[in-house]
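Now for the letters of each chain:
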Amino acid sequence: MIRSIAAAATALLLAGCSLLDTPDPVALYRFGDRDPPATVPGSGRTVVVLNPISFPEGASGDRILTTSGGSVAYLAGARWIGPSERLFRTALEAEFLRSGRSVSVSDRRESPRDGLALDLDVSSFEARYSDGPDRAPVVVIAARARLMAPDRTVRAERTFITQREAGANRVSAVVEAFDTATGEFNREVVAWVESSAR
């Protein structure tokens, strides 16, 4: 009797261990440039320091944020390949390399004393389900941008909002909408910085 109880307990213990050792699979996704452009020499260009980009608390990190009314959740079984704020910054830097004709960006360590600085405070980076959980969401990216002079006075300021509806209510379609919206958002920011820095 004792042997059979011990055997049953051991079997349950081993079954529990096997459950703990096999977590649900998670697919990794990215947005932004797969093949960023080569570095372009910055001679003759206005240098803009790209300060650290601030992200909302729920959208930072590697989880993919969704909202529906007043509730928030993360896409199950899916994560970004790295922190979303880092992927976002890399995509914006690549867009400056690709589209910037009179402006180049650098980080603080390369900051010229007479250069401008770009502050970007992202307030939304999420997929919104406004028509119910079975309908395709709309990816919303919103941020306030400020172009700062060397004395920290505001040279120009603007709020950017980009929205892109996913083609379907599938993870791959939602990720594609994030990618498209990020590209559109970054092109608008680069064009605005080019215009404001003149």
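This report concerns the structure included in the present document. On a predicted model such as this, the values are computed, not experimentally measured, just so you know. (Residues numbered from 1 in each chain as written. Predicted model: local features only at pLDDT ≥ 70, side-chain atom pairs only at ≥ 80, totals over all residues. Heavy atoms only, no water.)

**Examining the packing of aromatic side chains**
- For the coordinates displayed, the defined rule picks out ten aromatic pairs.
- Measuring from ring centre to ring centre gives 5.9 Å for Phe88 and Phe125, while their planes differ by 85 degrees; the resulting arrangement is edge-to-face. With Phe88 in helix H2 (residues 84–99) and Phe125 in strand S6 (residues 116–128), this residue pair connects regions lying 37 residues apart in the sequence.
- Under the relative-accessibility criterion, Phe88 is labelled buried at 0%.
- A centroid spacing of 5.6 Å and a plane angle of 75 degrees characterise the contact between Phe160 and Trp192, whose relative ring orientation is edge-to-face. With Phe160 in strand S8 (residues 154–165) and Trp192 in helix H3 (residues 171–196), the pair connects residues that are 32 residues apart, well separated along the chain. As far as the burial class goes, Phe160 and Trp192 line up, both buried.
- Put simply, the rings of Phe31, Phe55, Trp80, Phe88, Phe125, Phe160, Phe178, Phe185 and Trp192 pair up and form one aromatic cluster.
- A cation over a ring is seen here: Arg63 above Tyr74, with NZ or CZ 4.0 Å from the ring centre. (Phe/Tyr/Trp six-rings, centres within 6.5 Å; stacked < 30°, edge-to-face > 60°. Helix = DSSP H or I, 4+ residues; strand = E, 2+ residues; numbered from the N terminus. Buried < 20%, exposed > 50% of the residue type's maximum accessible area, 1.4 Å probe, protein only. Lys NZ or Arg CZ within 6 Å of the ring centre and 35° of its normal.)

**Examining the packing of H2 against H3**
- With their axes 9 Å apart at the nearest point, H2 and H3 run at an angle of 55 degrees to one another. As far as their axial angle goes, H3 and H2 are oblique. As for the relative orientation of H2 and H3, their crossing is right-handed in sense. Contact residues: H2 offers Phe88, Ala91, Leu92, Glu95, Phe96 and Ser99, while H3 offers Thr182, Phe185, Asn186, Arg187, Val189, Val190, Val193 and Glu194. (Axes fitted to C-alpha atoms, helices over the stretch in contact; angles between N-to-C directions. Parallel < 35°, antiparallel > 145°, perpendicular 65-115°, else oblique. Left-handed = near helix turned anticlockwise from the far one by under 90°. Contact = heavy atoms within 4.5 Å.)

**Looking at the pattern of salt bridges**
- Applying the stated criterion across every chain yields a total of ten salt bridges.
- Note that Arg89 and Glu93 form a salt bridge whose closest N and O atoms lie 3.1 Å from each other. Residue Arg89 and its partner Glu93 are both found in helix H2; the two are separated by four residues, about one turn of the helix.
- The class for Arg89 is buried, based on a relative accessible area of 19%.
- Taking the relative accessible area as the measure of exposure, Glu93 reaches 28% and is therefore partly exposed.
- A salt bridge links Glu184 to Arg164; its shortest N-O distance comes to 2.2 Å. Taken as a pair, Glu184 in helix H3 and Arg164 in strand S8 lie far apart in primary sequence, 20 residues in all. (Salt bridge = Lys/Arg side-chain N within 4 Å of Asp/Glu carboxyl O.)

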